[in-house]
Amino acid sequence: MRERAVIAIDGPAGVGKSTLARRIAAELGYVYIDTGAMYRAITLRILQGAIDYHDSAAIRALLDIVHISFDPEGKIFLDGMDVSDTLRSAEVNALVSQVASLPEVRERMQALQREIGKDGGAVLDGRDIGSAVFPDAEVKFYLDASIEERARRRLSDGKESVFVELEAIKNDLARRDTADKERAHSPLVQTKDAIYIDTSGMVIENVLEVMLRYISGRSVG
Ligand code: CDP
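Because the structure is a prediction, the values reported are computed rather than measured.

**Thoughts on the overall build of the chain**
Part 1: When its secondary structure is counted, the chain shows nine helices and eight strands.
Part 2: For 221 residues, the compact-globule formula gives about 17 Å, and the C-alpha radius of gyration of the chain, at 17 Å, lands near that figure.
Part 3: Dimensions of the chain, computed from the C-alpha atoms along their principal axes, are close to 50 × 40 × 30 Å.
Part 4: With 221 residues in all, the chain has 48% of them scored as buried.
Part 5: For the chain, long-range pairs separated by at least 24 residues make up 75% of all intrachain contacts whose partners lie at least 6 apart in sequence.
Part 6: For the chain, the accessible area works out to roughly 10700 Å², and carbon and sulfur atoms hold 53% of it.

Okay, here's the thing in structure tokens:
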């Protein structure tokens, strides 16, 4: 038994998971693990090294040497370099779901996530946390929202370049959602035991309140 809980937050792209996960972790004094950033970091490394992601020997060799870590503020380091601000480029967006569909990449990232969260006191957000990484998580959420609303939020949250248009963001989100739901290895699914919240039309503060209420109802924290 873990003394402190694992809180799993899954859902499609741009639904507000990372903002909410960060806020919940701060509220409970837990660590926040942004698993999407880990897949983005591997993708960035593949781009930097001009590695063919279809070449599984090259990917395995890369996974043997690459080092990904977080600092207590949630900044992510790739081989010792802070890459937090470079993970959301259009190039990474374009490739990340293909890289994240590779079984060897998923297995390595999932092992790392389990290692960081094994003692509990952790909030993880991603696609497969409640279904594959921590199926025994004490609290699981599945967040959703319409694609229009997710694209609008993405445009206004400043994570995208100012030159990207709403339609392009919508296309990127839809393309990644399909890839994430259809891949063979640990796809995005809503587990039966996850609390489903449709956040369309809700402001982040309301969603946070609802989530914190569920968490305290489970006597976790
Ligand atoms: O922030 P956003 O929702 O756009 O994406 P993210 O959470 O940074 O994740 C980027 C990509 O990583 C996703 O589209 C998935 O392809 C992949 N991912 C995954 O496969 N499994 C996870 N647990 C987290 C992310």
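**Focus: the side chain of Thr199**
Part 1: Within the fold, Thr199 resides in the loop between strand 8 (195–198) and helix 9 (204–217).
Part 2: Look at Thr199 and you get buried, because its relative accessible area is 1%.

**Notes on the site of the ligand**
Part 1: The environment of the ligand is formed by 19 residues, the closest being Arg40, Asp128, Arg154, Arg176 and Asp180.
Part 2: Here an oxygen atom of the ligand sits 3.1 Å away from a polar atom, N or O, in the main chain of Gly14.
Part 3: Contacts to the ligand include Asp180, whose side-chain N or O atom sits 2.6 Å from an oxygen atom.
Part 4: For the shell around the ligand, the secondary structure elements donating two or more residues are helix 2 (35–48), helix 4 (90–100) and helix 8 (166–182).
Part 5: With four residues, helix 2 is the largest single contributor of residues to the shell around the ligand.
Part 6: For the shell around the ligand, the per-class residue count stands at four nonpolar, five polar and ten charged.

**Side note on helix 7 (residues 147–156)**
Part 1: Along helix 7, the residues classified as buried are Glu149, Arg150, Ala151 and Arg154.
Part 2: In this structure, the buried side of helix 7 is in contact with helix 8.

**Section: the side chain of Glu104**
Part 1: Secondary-structure assignment places Glu104 in helix 5 (residues 103–117).
Part 2: Sequence-distant contacts of Glu104, that is, excluding residues within four places in its chain, are made with Ser56, Ile59, Arg60 and Leu63.

**Considering the pattern of salt bridges**
Part 1: Counted according to the given criterion, the structure contains 16 salt bridges.
Part 2: With its nearest N and O atoms 3.0 Å apart, the salt bridge here joins Glu115 to Lys118.
Part 3: Between Glu148 and Lys170 there is a salt bridge, and its shortest N-O distance comes to 3.5 Å. Here the residue Glu148 occupies a position in helix 7, and Lys170 occupies one in helix 8, the gap between them amounting to 22 residues.
Part 4: The exposure class assigned to Glu148 is partly exposed, which follows from its relative accessible area of 37%.
Part 5: The structure contains a network of salt bridges with shared partners spanning Arg2, Asp136 and Glu138.

**Points about the nonpolar core**
Part 1: Judged by nonpolar contacts, the single largest core of 34 residues is most densely connected at Ile42, Ile46, Ile68, Ile76, Val105 and Met109.
Part 2: Counting only elements with at least two residues in this core, the list comes to strand 1 (6–10), helix 2, helix 3 (56–65), strand 4 (76–78), helix 4, helix 5, strand 6 (122–126) and helix 6 (129–133).
Part 3: Grouped together as the second largest cluster of nonpolar side chains are 22 residues, Leu20, Ile24, Phe141 and Ile197 included.

**Thoughts on the packing of aromatic side chains**
Part 1: Taken as a whole and judged by the stated rule, the model has two aromatic pairs.
Part 2: Centroid distance Phe141 to Tyr214: 6.3 Å. Interplanar angle 70°. Geometry classified as edge-to-face. Taken together, the residues span a long stretch of sequence, with Phe141 in strand 7 (residues 139–144) and Tyr214 in helix 9 at a distance of 73 residues.
Part 3: Accessibility expressed as a relative area gives 39% for Tyr214, which makes it partly exposed.
Part 4: The interplanar angle of 10° and the centroid separation of 6.1 Å between the aromatic rings of Tyr142 and Tyr196 together place this pair among those described as stacked. Taken together, the positions of Tyr142 in strand 7 and Tyr196 in strand 8 put the pair 54 residues apart, joining distant regions of the chain.

Here is what the cut-offs are and how they apply
- Residues numbered from 1 in each chain as written.
- Predicted model: local features only at pLDDT ≥ 70, side-chain atom pairs only at ≥ 80, totals over all residues.
- Heavy atoms only, no water.
- Helix = DSSP H or I, 4+ residues; strand = E, 2+ residues; numbered from the N terminus.
- Rg over C-alpha atoms; globule rule 2.2 N^0.38 Å.
- Buried < 20%, exposed > 50% of the residue type's maximum accessible area, 1.4 Å probe, protein only.
- Contact = heavy atoms within 4.5 Å.
- Areas by Shrake-Rupley, 256 points an atom, 1.4 Å probe, with all protein chains shown as cover.
- Near = heavy atom within 4 Å.
- Polar contact = N/O pair within 3.5 Å; in protein donor to acceptor, adjacent residues only side chain to side chain.
- Nonpolar A, V, L, I, M, F, W, Y, C, P; charged D, E, K, R; others polar.
- Salt bridge = Lys/Arg side-chain N within 4 Å of Asp/Glu carboxyl O.
- Core = buried A, V, L, I, M, F, W, Y, C linked by side-chain atoms within 4.5 Å.
- Phe/Tyr/Trp six-rings, centres within 6.5 Å; stacked < 30°, edge-to-face > 60°.

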